[in-house]
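# Structure at a glance
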Amino acid sequence: MKGNQDSMKYLFEPRGIAVIGASQTPGKIGYKVVENIVTGGYREKVYPINPKGGEMLGLSVYKQIADVDGTIDVAVVVVPAELVYGALEECAKKNVKFAIIITSGFAEVGNVAEERRITRFARDNNIRIIGPNVFGVYSAVSSLNATFGPGDVTAGNVAIITQSGAIGIAMIGKTKVEGIGLSAMISVGNKSDVDETDLLEYLTFQDDAKVVLMYLEGIKSGERLVEVLRKATRKKPIVVIKSGRSSRGAQAAASHTGSLAGEDKVFDDIARQCGVIRAEGIQEALNWCKFLADSPMPTGEDCVIITNGGGIGVLTADACEKYNISLSDEVADLKKTFEDVMPSFGSAKNPIDLTGGASPEEYDQALVAALRNENIDAVACLGCQTGSFDADRFAKIAEERYAQYRPVKPIVFSLFGGEEVERSIAKLKEKGIPVFADVYEMTAFLGALYRDYRNKSVPSAEPARVDIDIASIDAAVARARADGRYFLLAQEAQEVMRAAAIAIPQSRIAHSPDEAVRYAEEIGYPVVMKVVSKDIIHKSDAGGVALELVDRKEVLDAYEAIMRNCRNYKADALIEGIQVDEMIQSGVETIVGARQDGAFGPTVMFGLGGVYVEVLKDIAFRAFPLSREATLNMIGQIDSYPLLLGVRGEARKDIDEVANTIIKVGWILCSCDAISDIEINPLAVYDHGEGVKAVDVRILLRESEEA
Ligand code: ACO
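Residues numbered from 1 in each chain as written. Predicted model: local features only at pLDDT ≥ 70, side-chain atom pairs only at ≥ 80, totals over all residues. Heavy atoms only, no water.

It is worth spelling out the overall build of the protein at this point. Along the backbone of the protein there are 24 helices and 29 strands. Seen through its C-alpha atoms, the protein measures out along the principal axes to roughly 100 × 80 × 40 Å. Among the 707 residues that make up the protein, the fraction classed as buried is 54%. Long-range contacts, defined as pairs at least 24 residues apart, comprise 72% of the intrachain contacts of the protein with a sequence gap of at least 6. For the protein, the exposed area adds up to about 30900 Å²; of that, 49% sits on carbon and sulfur atoms. (Helix = DSSP H or I, 4+ residues; strand = E, 2+ residues; numbered from the N terminus. Buried < 20%, exposed > 50% of the residue type's maximum accessible area, 1.4 Å probe, protein only. Contact = heavy atoms within 4.5 Å. Areas by Shrake-Rupley, 256 points an atom, 1.4 Å probe, with all protein chains shown as cover.)

Pasting the structure below:
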């Protein structure tokens, strides 16, 4: 981490910068980059490089980088793709630390070999690459605008990392319009070397960046990203827009950036696990970033809505449910707080409805009462244009009270109405006050703030660990490998379950009627019996299965019947014995899985199981390892969770054992590199204290043995 921090500093605070391909022709990218650096106020030396030499924008143009005397930490490369390798050779001679390669025409158009060649050269010569295929880097701390985007960037405290160049350039302009100041903007392009994780790691500890916004399409090294995100979200809010939510979008993202978009549900759950605040779109993300940078944290969960209109109050209450914000329902306390200002026909139930006739003074009084009450943790203040509503006066009150109470608790505003209301919104926004024209937008922001608050208030917990008999797992895997299989047979999968002490149905193979009875009595009635024969694939068709055998007599009869049926079915079949299985008691059918995810590395999955899992898709994912608390949180995330709590008078199910099973399955995967996928479906879950049973287990191996 320290190494990354030290070296990355040169990108954001270079002691000298060269532009290779600087052009004296206005309108060319090589001109614009130099112009932006100069007009942006970069205080260190700028060296335009072009074989033609000469002068531009008051600077000497050097024919080659080797002619420069001073230190150059960063070179912006704006020559055509076929000249980039040569430009890097020049950079290496001058000990340049970062090359920002704006040039397109590499992996994004299939020119993977050339991208690899330049990346290898850079690595061998200690040059870090940003890009290729980027629009550049902006860094407020050194007033450096090394981009070909807009020249006029407002410095501030939001850092943006973007995988899309066009979105990034547009965001420079958009943030200005929205009154958002930037501490940094980095375009990562093809991410041939430096990626969003390296940058996030640096920005986490850079004080100027109060919020980090990331626009992502595909993820290449998700395992590291998860690790860095977990730490970063503890220090500051991290807002992420990840495109490719839909399968069409994911395909478009993959072809746009050439990186794996991954399954969106996996990303969504892992982002939640890491404490990331995920926005649906750009406007929403910008709304949040603008105010997250400056907002105090709530100190608890109780919010109060103050409104002069019942309708917008109700709409906001709906929005609070959607964005998981809890409204205070301490009726006595609310009544006491607002009794002086509440008309007899108003409502002291949350939302607090002052009614349409409320004067600005009454509104102010109610607002102050809410802000002073220590039991109220956040206030949403709504103004609806009515006959007596004075938008200007409302704006003044909002401004004054916001300034006074901003350090104490979060206050958000929403105003709804005509021209003068819109004017007040614009005025308040300009002053950095969180005001929104729509109650859903306001509540979404409050929801984002609460996500950040809750993430920071959960103490970080150590991963839960379990003992596993790794030698037994390796032995089962070795047998499959020796057989040339990429999957384990049912018995091998059961051995793996036993190695982690995951309960499986009991099963024995009997070779005589008496042995079958003995096994049935050891296992306990009722039992199931099945023929064991490689020559009989469809056991039921052959009459080779008997269910629900409840006593000795039924077992003896079934043994004889199975033998007879199978001989009649196929006279020459080799019958190895008859399997006596525990008859599975029905429980809640769940699914537990673990896999090496292409984007995120080891991940675990839990959900409602059985045959409808594909249709219902009521599942949750997490990056592994996991603490016990985080595992329980994952279990609680699925919609069917009430089934585990017990519905209609049923007992609570053994949720602790479900958590243990998820943790065990995760560690099996992590302990054995050869295993790529484990799926238990169904995992039958019984009443609390009675455990779980892995009824059906599938285990797949990686295709390459080296893994
Ligand atoms: N060292 C320094 N300068 C050199 C060298 C050299 N070895 N060789 C040539 N040059 C000069 C050229 O003479 C030229 O300067 P001039 O205008 O004085 O003649 C300058 O370098 C640029 O070379 P050109 O051949 O004119 O190239 P051009 O400017 O047309 O294109 C560019 C270069 C911009 C890098 C282009 O190849 C490219 O990749 N464009 C796309 C950039 C892009 O969109 N990136 C992604 C952004 S993100 C997004 O999606 C918005």
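Judged by nonpolar contacts, the single largest core of 62 residues is most densely connected at Leu11, Leu200 and Met214. Counting contributing residues per domain, this core is built from domain 1 (2-292) and domain 4 (588-701), each supplying no fewer than three. Excluding residues that lie within four positions of it along the chain, Met214 makes contacts with Ile161, Glu196, Leu200, Leu225, Leu229, Ile238, Val239, Val240 and Ile241. Counting 48 residues, the second largest nonpolar core, distinct from the first, contains Phe606, Phe624, Ile655 and Ile699. (Core = buried A, V, L, I, M, F, W, Y, C linked by side-chain atoms within 4.5 Å. Domains from an automatic or database assignment.)

Neighbouring residues of the ligand: 23 residues in total, closest Ser23, Lys28, Lys52, Ile102 and Ser104. Here Ser23 contributes a side-chain N or O atom positioned 2.6 Å from an oxygen atom of the ligand. Within the contact set of the ligand, a nitrogen atom lies 2.9 Å away from a backbone nitrogen or oxygen of Ile102. Within the complex, 68% of the 1000 Å² of free accessible area of the ligand lies under protein. If one sorts the elements of the shell around the ligand by residue count, helix α5 (residues 165-177) sits on top with three residues. (Near = heavy atom within 4 Å. Polar contact = N/O pair within 3.5 Å; in protein donor to acceptor, adjacent residues only side chain to side chain.)

With that settled, the discussion passes to the pattern of salt bridges. Here the structure, examined in full by the defined rule, presents 38 salt bridges. Each of Arg128, Asp193, Asp198, Glu201 and Arg224 takes part in one network of salt bridges that share partners. (Salt bridge = Lys/Arg side-chain N within 4 Å of Asp/Glu carboxyl O.)

Counting buried positions over the eleven residues of helix α10 (residues 282-292) gives nine, a clear majority of the element. Along α10, the positions that sit buried rather than exposed are Glu284, Ala285, Leu286, Asn287, Trp288, Cys289, Lys290, Phe291 and Leu292.

Reading across the sheet, the five strands line up as β2-β1-β5-β6-β7 and stay open at both edges, with parallel pairing between neighbours. Sheet topology places β2 (45-49) and β7 (128-130) at the edges, where each strand pairs with a single neighbour. Averaged over all neighbouring strand pairs, the angle between strand axes comes to 20 degrees, with direction disregarded. Where strand β6 (residues 98-101) and β7 come together, three bridges link them in parallel fashion. By the bridge assignment, Ile100 is partnered in β7 with Ile130. Packed onto the sheet, helix α2 (residues 29-39) meets β1 (16-20), β2 and β5 (74-77) and runs at close to 160 degrees relative to β1. (Pairing = 2+ DSSP bridges. Axes fitted to C-alpha atoms, helices over the stretch in contact; angles between N-to-C directions.)

What follows is about the environment of Ala18. Structurally, Ala18 is set in strand β1. Residue class for Ala18 comes out buried when judged on its relative accessible area of 0%. For the pair Ala18 and Ala166, spaced 148 residues apart in the sequence, the C-alpha separation amounts to 24 Å. With residues near it in sequence (within four places) discarded, Ala18 still touches Tyr47, Ile49, Ile65, Ile72, Val74, Ala75 and Val76.

The next subject is α5. The α-helix winds at 3.6 residues per turn, so residues separated by three or four positions along the chain end up facing the same way. Along its 13 residues, α5 runs 19 Å from first to last C-alpha, staying within 8% of the 18 Å computed at 1.5 Å per residue. Looking at α5, one finds that the buried residues are Gly168, Met171, Ile172 and Thr175. Where the residues of α5 are buried, they touch β10 (155-162), β11 (182-187), β12 (211-216) and α10. The N-capping residue of α5, defined by a side-chain oxygen 3.1 Å from the backbone nitrogen of Ile167, is Ser164. (Expected span 1.5 Å × (residues − 1).)

The next subject is the packing of helix α7 (residues 222-235) against helix α16 (residues 439-457). Relative placement of two packed helices is described by the angle separating their axes and the distance separating the axes. The interhelical angle for the contact between α7 and α16, taken along N-to-C directions, is 105 degrees, at an axis separation of 9 Å. With respect to each other, α7 and α16 are oriented roughly perpendicular. Across from Thr233, Arg234 and Lys235 in α7, the residues of α16 making contact are Asp452, Asn455 and Lys456. A class-by-class count of the residues in the contact of α7 with α16 yields no nonpolar, two polar and four charged. (Parallel < 35°, antiparallel > 145°, perpendicular 65-115°, else oblique. Nonpolar A, V, L, I, M, F, W, Y, C, P; charged D, E, K, R; others polar.)

Take the confidence of the model for the protein next. Across the protein, pLDDT averages 92, with 96% of residues at or above 70. Predicted confidence for residues 255-261 stays below pLDDT 50, and this span has 20 contacts to residues more than four positions away or in other chains. (pLDDT = per-residue confidence, 0-100.)

Bringing the packing of aromatic side chains into the picture now. Applying the stated criterion across every chain, the model contains eleven aromatic pairs. Taking the centre distance of 4.8 Å and the plane angle of 5 degrees together, the rings of Phe12 and Tyr202 count as stacked. With a gap of 190 residues between them, Phe12 in helix α1 (residues 2-12) and Tyr202 in helix α6 (residues 196-204) connect regions that are remote in the sequence. Judged by relative accessible area, Phe12 falls into the buried class, the value being 0%. (Phe/Tyr/Trp six-rings, centres within 6.5 Å; stacked < 30°, edge-to-face > 60°.)

Looking now at the sheet that holds strand β13 (residues 238-242). In space, the seven strands of this open sheet follow the order β9-β8-β11-β10-β12-β13-β14, with mixed pairing throughout. The open sheet has two edge strands, β9 (144-147) and β14 (277-279), and neither has a second partner. The average angle at which neighbouring strand axes cross in this sheet is 20 degrees, direction not considered. For β10 and β11, the ladder comprises six bridges, and the chain directions are parallel.

Quick look at the pairing of β11 now. Across the six residues of β11, six count as buried, placing the element largely inside the fold. Direction of pairing for strand β8 (residues 136-139) relative to β11: antiparallel, over a ladder of three bridges. Note that in β11 the partner of Ser139 across the bridge is Ala184. Each parallel crossover has a hand, and for β10 linked through α5 to β11 it is right-handed. (Right-handed = clockwise from strand over helix to strand, strands pointing away.)

This part takes up unusual backbone geometry. Here the amide bond leading from Gly131 into Pro132 is cis, since omega sits at 0 degrees, within 30 degrees of zero. With respect to the helices and strands, Pro132 occurs in the loop between β7 and β8. Cis rather than trans, the peptide bond between Asn681 and Pro682 has omega equal to 0 degrees. The residue Pro682 is located in strand β27 (residues 675-685) in this model. Of note in this structure, Lys191 is not a glycine but carries a positive phi near 50 degrees. Mapped onto the elements, Lys191 comes out in the loop between β11 and α6. A relative accessible area of 5% means that Lys191 is categorised as buried. One non-glycine residue, Arg648, adopts positive backbone phi at about 50 degrees. In this structure, Arg648 sits in the loop between α23 (641-645) and α24 (655-671).

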